[in-house]
Amino acid sequence: MKAQNEQRTGLLYGFAAYGMWGLVPLFWPLLKPAQALEILAHRMVWSLAVVVVLLCAMRRWGWIRELLRQPRKLALTALAATVITVNWGVYIWAVNAGHVVEASLGYFINPLVSIGIGVLLLGERLRPAQWAAVGIAVAAVVVLAIGYGRLPWISLVLAFSFGTYGLIKKKINLGGVESLAAETAVQFLPALGYLLWLSTQDELAFGHEGTGHAALLAATGLVTALPLVCFGAAAIRVPLSTLGLLQYLAPVFQFALGVLYFHEAMPPERWAGFALVWAALALLTWDALRAARRARAGLAAAPKAPAGSARTPAREPA
């Protein structure tokens with residue numbers, strides 16, 4: 001019963017995390033007339049403030065000393081901060097420039113990009129269904145490029161930057177709040193310097209558009225940190241396969257907002273491209289669920305060790 005309650009709580013946290021990520025396109029337009037780069041800089045500065053408060057509440061500081069002793073991890077953290085800066089900046093600009101649907105496509109194709117990164121950089125081998133899904137996704141990009149009259153570069157930048165970010169995070173192996181603290185610490189001084197420079201040029205929106213607007217800019221820290229905290233709470237309570245399915249909620253919400261709320265154009269060729277992406281994701285999800293069922297069946301069928309026999313202790317993942 002306790003396990004069921006924990007899983008139910010985890011699902012609620014998961015819905016909250018991906019729901020907030022899915023509805024965030026409603027937030028960025030509220031920050032106009034601030035430009036995308038100023039919004040991005042505020043997000044970096046205020047996110048660090050929020051995660052420092054969270055770390056104080058959790059009394060979780062030991063990881064800093066350990067990180068500082070590992071130059072390779074520090075370099076990877078700086079690289080992760082750079083990559084996520086690109087991702088955040090392009091996404092904020094895309095939403096405020098009226099490209100919500102194209103931005104949502106980036107997060108639809110992100111799982112397929114992650115598979116490609118696994119094959120090219122990690123030497124992973126794909127099952128036939130995964131190869132088929134990747135092939136369908138490539139065809140989708142071609143169809144969308146024809147429909148847009150150009151490559152859907154916003155989607156590709158978002159997908160590849162987030163896929164690369166995930167790969168780097170896997171190598172760093174820090175918790176969600178800790179890694180956000182490390183990355184925003186790297187971002188903080190350049191972001192603060194940029195805001196001070198804008199102020200000297202009399203181009204800073206913060207403080208010149210009223211108290212409410214300034215409060216919204218400061219709230220970018222909460223908008224960044226809260227979904228991450230909810231995601232962390234979900235990740236320890238529900239299976240990874242369930243989280244993998246929940247991740248599609250965010251781009252679904254973003255796509256729906258782009259079409260129904262922002263009234264972005266969706267000509268037939270764009271619908272065709274999205275339909276191919278969704279078909280690839282459906283195939284990928286079916287294959288992942290089938291592989292998980294086979295793995296569980298294999299474990300259930302494996303012979304159990306006789307009572308009293310020595311057992312090898314479990315090892316932490318490398």
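Details of the structure are given in the entry above.
Now for a description of the structure that goes with this document. Small disclaimer: the values here were computed from a predicted structure and weren't measured.

1. Observations regarding the packing of helix H5 (residues 100-122) against helix H7 (residues 153-172)
Okay, step 1: The geometry of H5 relative to H7 is characterised by a closest axis approach of 7 Å and an angle of 50 degrees between their N-to-C directions. Classed by the angle they form, the pair H5 and H7 counts as oblique. Taken as a pair, H5 and H7 cross one another with a handedness that is right-handed. Within the contact between the two elements, H5 uses Glu102, Ala103, Leu105, Gly106, Tyr107, Ile109, Asn110, Val113, Ser114, Ile117, Leu121 and Leu122 and H7 uses Trp153, Ile154, Ser155, Leu156, Leu158, Ala159, Phe160, Phe162, Gly163, Thr164, Leu167 and Lys171.
Okay, step 2: The residue makeup of the contact of H5 with H7, split by class, is 16 nonpolar, six polar and two charged.

2. Regarding helix H6 (residues 128-148)
An α-helix turns once every 3.6 residues. As a result, residues three or four positions apart point the same way.
Okay, step 1: Taking 1.5 Å of rise per residue, the 21 residues of H6 would be expected to cover 30 Å, and the 30 Å separating its terminal C-alpha atoms lies within 8% of that figure.
Okay, step 2: Taken residue by residue, H6 has Ala129, Gln130, Ala133, Ala137, Ala140, Leu144, Ala145, Gly147 and Tyr148 as its buried positions. Projected down its long axis, H6 carries its buried residues within an arc of 160 degrees, all on one side. Those residues of H6 that are exposed and aimed more than 90 degrees away from the buried face are Pro128 and Ile146.
Okay, step 3: Tucked into the core, H6 has its buried residues touching H5 and helix H13 (268-301).
Okay, step 4: Residue Gly149 follows H6 closely and has a positive phi angle near 80 degrees.

3. With respect to the environment of Val86
Okay, step 1: Along the polypeptide, Val86 turns up in helix H4 (residues 71-96).
Okay, step 2: We classify Val86 as partly exposed; its relative accessible area is 40%.

4. Describing the side chain of Arg43
Okay, step 1: By the secondary structure assignment, Arg43 is in helix H2 (residues 36-58).
Okay, step 2: Not counting the four nearest positions on each side in its chain, Arg43 is found in contact with Trp28, Trp88, Ile92, Thr220 and Thr224.

5. Remarks on the nonpolar core
Nonpolar side chains tend toward joint burial in soluble globular proteins.
Okay, step 1: By size, the foremost hydrophobic cluster in this structure holds 46 residues, and its most contacted members are Trp28, Ile39, Tyr91 and Leu158.
Okay, step 2: Every element with two or more residues in this core is listed here: H2, helix H3 (62-68), H4, H5, H7 and helix H8 (176-200).
Okay, step 3: Those residues in contact with Ile39 that sit more than four places away from it in its chain are Trp28, Leu31, Ala34, Ile92, Asn96 and Leu217.
Okay, step 4: Ranked by size, the runner-up nonpolar core spans 25 residues in total, among them Val101, Ile109, Ala137 and Ala140.

6. A short note on unusual backbone geometry
Okay, step 1: That bond from Lys32 to Pro33 is cis: its omega, 15 degrees, falls within 30 degrees of zero.
Okay, step 2: Within the fold, Pro33 resides in the loop between helix H1 (2-23) and H2.
Okay, step 3: For Arg59, which is not glycine, the phi torsion reads 50 degrees and is therefore positive.
Okay, step 4: With relative accessibility at 75%, the residue Arg59 sits in the exposed group.
Okay, step 5: Even without being a glycine, His263 presents a positive backbone phi close to 55 degrees.
Okay, step 6: Mapped onto the elements of the fold, His263 is located in the loop between helix H12 (249-261) and H13.

Conventions adopted
- Residues numbered from 1 in each chain as written.
- Predicted model: local features only at pLDDT ≥ 70, side-chain atom pairs only at ≥ 80, totals over all residues.
- Heavy atoms only, no water.
- Axes fitted to C-alpha atoms, helices over the stretch in contact; angles between N-to-C directions.
- Helix = DSSP H or I, 4+ residues; strand = E, 2+ residues; numbered from the N terminus.
- Parallel < 35°, antiparallel > 145°, perpendicular 65-115°, else oblique.
- Left-handed = near helix turned anticlockwise from the far one by under 90°.
- Contact = heavy atoms within 4.5 Å.
- Nonpolar A, V, L, I, M, F, W, Y, C, P; charged D, E, K, R; others polar.
- Expected span 1.5 Å × (residues − 1).
- Buried < 20%, exposed > 50% of the residue type's maximum accessible area, 1.4 Å probe, protein only.
- Arc of directions from axis to C-beta.
- Core = buried A, V, L, I, M, F, W, Y, C linked by side-chain atoms within 4.5 Å.

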